[in-house]
Amino acid sequence: MKRQVVIVMDFGGQYNQLIVRRVRNLNVYGVMLPADADIEKIRSYEPIGIIFTGGPSSVFAPDAPTVNEAVYSLGVPVLGICYGMQLIAKQFGGVVEHAETREYGRREVQLEPSALFDGIEGKSFCWMSHTDRVSVLPEGFSVTAKTETCPIAAFSDDKRKIYGVQFHPEVVHTEKGTEVLKNFLYNICHAAGDWKMEDFAAEQIAAIREKAYGKKVLCAMSGGVDSAVAATLVHKAVGDWLTCIFVDHGLLRKNEAEEVMSVFKDKMGMNLIEVDASDMFLRDLKGVRDPERKRKIIGKDFIDVFASEASRIGAVDYLVQGTIYPDVIESGLGKSAVIKSHHNVGGLPSVVDFKEIIEPLKKLFKDEVREVGLKLGLPESIVMRQPFPGPGLAVRIIGNVTRKKIKIAQEADAIFREEIALAGLDKKIWQYFAVLTDMRSVGVMGDERTYDYTVALRAVTSVDGMTADWADIPHDVLAKISNRIVNEVKNVNRVVYDITGKPPATIEWE
């Protein structure tokens, strides 16, 4: 039976990927297409519903994104959110006005009885983020919600099953947002709720087995979540026909290389080749302080090492990559988007002789990738691993990189992560790590003067890493971490905590 699909039309809003994730969290398979997608492309999905996202444009702008009005003739329900609602109003002959001030933030909303608000009528709070608003309804539509400052906060045409909400039901700040989306999907689109990770994993394994079993398959294993889950899916499909290459550049977290080899080679029996290239990377990084130069050196060295190992294997039929859905969206949606090839990760395809790329995760978001990993039996230590930059500790060590500094950074980071887990905060903080600064200062230990390094701790809460707030770690936990680092890690006599959000700072220091 063909899986039911809800299409999310992208108008460039900041929450657009979140809408797709919310749809999937409700067990309905959602895909995102650009607003100007060809009507035949839309029709090919045989969607049970279509959602228009928000966006930064004004419907008055000459280059404002629009949608082919043939969408409304497909006979499937349509829900417009924010800009999407305004576009519907404009296309059906309503009036959209430009307000004098932008309405942003939490607002009390009155939800009236309607199919979209079934079971949640009455007052609640919603999240607004707009300047324009609908001032005159199109013919056949009725008002179904209002706020003190927005008299048409939602509308509906039950006959044609076209709906609009000025607020954002996809964000957690809207109290009844999940119920709104659930009503649209189940009460209006009549979704079956057939999107499950177990089914996805089984389908991918079967498809890869049919395609690649008996053929030579190669994967660059970084030890990160995406490559780990992708490799595991393929391994379950083709077994020893898969060869993975793990390049250890010597800049990983404490015991990370050993854990990767233990899990994937020893326990899972994966054909995994480990290459210790740490001497080469450290030699080429000697004396380099600029973070961009570090990145370029590490990227080039990684490709050179991988290419050298791959040449021993010879031509392969398939190259496995851990491309995930945000990569696909970034590379393929919107006329104004900066296009980048998500295939060309680290330049690997250009140095490997292969026929085709296998990307088993390209329909999934990061949280879904983690869910698949757990379903496949991977340990939480791998699946829930903290985001880690490709250049590794080289960009968490300010200034030049040496073996001594790597050891300090690894030990301090390990203590930080251990204490966060012991405090029960590891699943509440999005990312946390230690930075070895290039600053040395005077201290006193054992009645003796010291002149040693300062370690900075960085911990943030976030949804997707685009913006972030510094995590409010209890002072007693920070005190314990600081005490352990200065006592257990040689050459460190001071610990500081970074309380800067993103923006204005970035999450990583370099």
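Residues numbered from 1 in each chain as written. Predicted model: local features only at pLDDT ≥ 70, side-chain atom pairs only at ≥ 80, totals over all residues. Heavy atoms only, no water.

**What to know about the environment of V109**
Along the chain, V109 falls in strand β5 (residues 95–111). Judged by its relative accessible area of 2%, V109 falls in the buried class. A C-alpha to C-alpha distance of 4.7 Å links V109 and T147, two positions 38 residues apart in sequence. Setting aside chain neighbours within four positions, we find V109 in contact with G122, K123, S124, F125, C126, A145, K146, T147, A153 and F167. (Helix = DSSP H or I, 4+ residues; strand = E, 2+ residues; numbered from the N terminus. Buried < 20%, exposed > 50% of the residue type's maximum accessible area, 1.4 Å probe, protein only. Contact = heavy atoms within 4.5 Å.)

**Focus on the nonpolar core**
Side chains of nonpolar character tend, in soluble globular proteins, to be buried together. Core analysis: the largest hydrophobic core is formed by 109 residues, its most contacted members being M9, F52, F117 and F264. Tallying contributions element by element places helix α6 (residues 225–238) first for this core, with 9 residues. Not counting residues up to four positions away in its chain, the partners in contact with F264 are M221, A228, T232, G269, M270, L272, L378 and I382. Of all hydrophobic cores here, the second largest spans 50 residues; its members include A220, I297, A409 and V477. (Core = buried A, V, L, I, M, F, W, Y, C linked by side-chain atoms within 4.5 Å.)

**Focus on helix α1 (residues 16–25)**
Most of α1 is tucked away, with 7 of its 10 residues classed as buried. Inspection of α1 places N16, L18, I19, V20, R21, V23 and R24 among the buried residues, and these make up the whole buried set. N27 lies just past α1 and shows a positive phi near 65 degrees.

**Some thoughts on unusual backbone geometry**
Looking along the chain, the bond that leaves K502 and enters P503 is cis, with omega of -10 degrees. Tracing the chain through its elements places P503 in the segment after β18 (492–497). Phi is positive for N27, which is not a glycine, with a value near 65 degrees. Relative to the helices and strands, N27 resides in the loop between α1 and β2 (29–34). Taking relative accessible area as the criterion, N27 reaches 34% and is therefore assigned partly exposed. For C82, which is not glycine, the phi torsion reads 55 degrees and is therefore positive. By the element assignment, C82 lies in the loop between β4 (78–81) and α3 (83–91).

**Things to note about the confidence of the model for the chain**
Residues at a pLDDT of 70 or more form 94% of the chain, whose mean pLDDT is 89. Confidence drops under pLDDT 50 across residues 332–346; counting only partners more than four residues distant or on other chains, this segment forms 24 contacts. (pLDDT = per-residue confidence, 0-100.)

**Concerning the sheet that holds strand β13 (residues 316–320)**
Sheet architecture is open: 5 strands sit in the order β12-β11-β10-β13-β14, paired in parallel fashion. Of all the strands in the sheet, the pair left with one neighbour each is β12 (272–276) and β14 (354–358). Neighbour-to-neighbour, the strand axes of the sheet open up by a mean angle of 25 degrees, direction not taken into account. Helix α9 (residues 291–313) contacts β10 (217–220), β11 (242–248), β12 and β13 of the sheet and is inclined by roughly 150 degrees relative to β11. (Pairing = 2+ DSSP bridges. Axes fitted to C-alpha atoms, helices over the stretch in contact; angles between N-to-C directions.)

**Focus on the pairing of strand β8 (residues 154–157)**
Burial along β8 is two-sided: the face carrying A154 and S156 and the face carrying F155 and D157 are both buried. Here β8 runs beside strand β9 (residues 162–165); their pairing, made up of 4 bridges, is antiparallel. Each residue of the ladder has a partner; that of F155, found in β9, is G164. Adjacent in sequence and paired antiparallel, β8 and β9 are bridged by 4 residues, among which K161 carries a positive phi angle near 55 degrees.

**Description of the pattern of salt bridges**
Scanning all chains against the criterion turns up 33 salt bridges. Across the pair D367 and R21 runs a salt bridge whose closest N-O atoms are separated by 3.5 Å. In this pair, D367 is assigned in helix α11 (residues 366–375) and R21 in helix α1, connecting sequence segments 346 residues apart. According to the relative accessible area criterion, D367 is partly exposed, its value standing at 29%. With a relative accessible area of 18%, R21 lands in the buried category. Among the ionic pairs, D157 bridges to R160, the shortest N-O distance being 2.5 Å. (Salt bridge = Lys/Arg side-chain N within 4 Å of Asp/Glu carboxyl O.)

**A few points about α9**
The end-to-end C-alpha separation of α9 is 33 Å, in line with the 33 Å expected for 23 residues at 1.5 Å each. For α9, the full list of buried residues reads K294, I297, I298, D301, I303, V305, F306, E309 and A310. Its side-chain oxygen 3.1 Å from the backbone nitrogen of E292, D290 forms the N-cap of α9. Among the residues trailing α9, G314 stands out with phi positive, at a value near 90 degrees. (Expected span 1.5 Å × (residues − 1). Polar contact = N/O pair within 3.5 Å; in protein donor to acceptor, adjacent residues only side chain to side chain.)

**Here we look at the packing of α6 against α11**
Interhelical geometry of α6 versus α11 gives an angle of 45 degrees and a closest axis separation of 10 Å. As the angle between them shows, α6 and α11 are arranged oblique. For the crossing formed where α6 meets α11, the hand is left-handed. Each of V225, D226, V229 and L233 in α6 lies in contact with α11, whose residues at this interface are K366, V369, R370, V372 and G373. A class-by-class count of the residues in the contact of α6 with α11 yields 5 nonpolar, 1 polar and 3 charged. (Parallel < 35°, antiparallel > 145°, perpendicular 65-115°, else oblique. Left-handed = near helix turned anticlockwise from the far one by under 90°. Nonpolar A, V, L, I, M, F, W, Y, C, P; charged D, E, K, R; others polar.)

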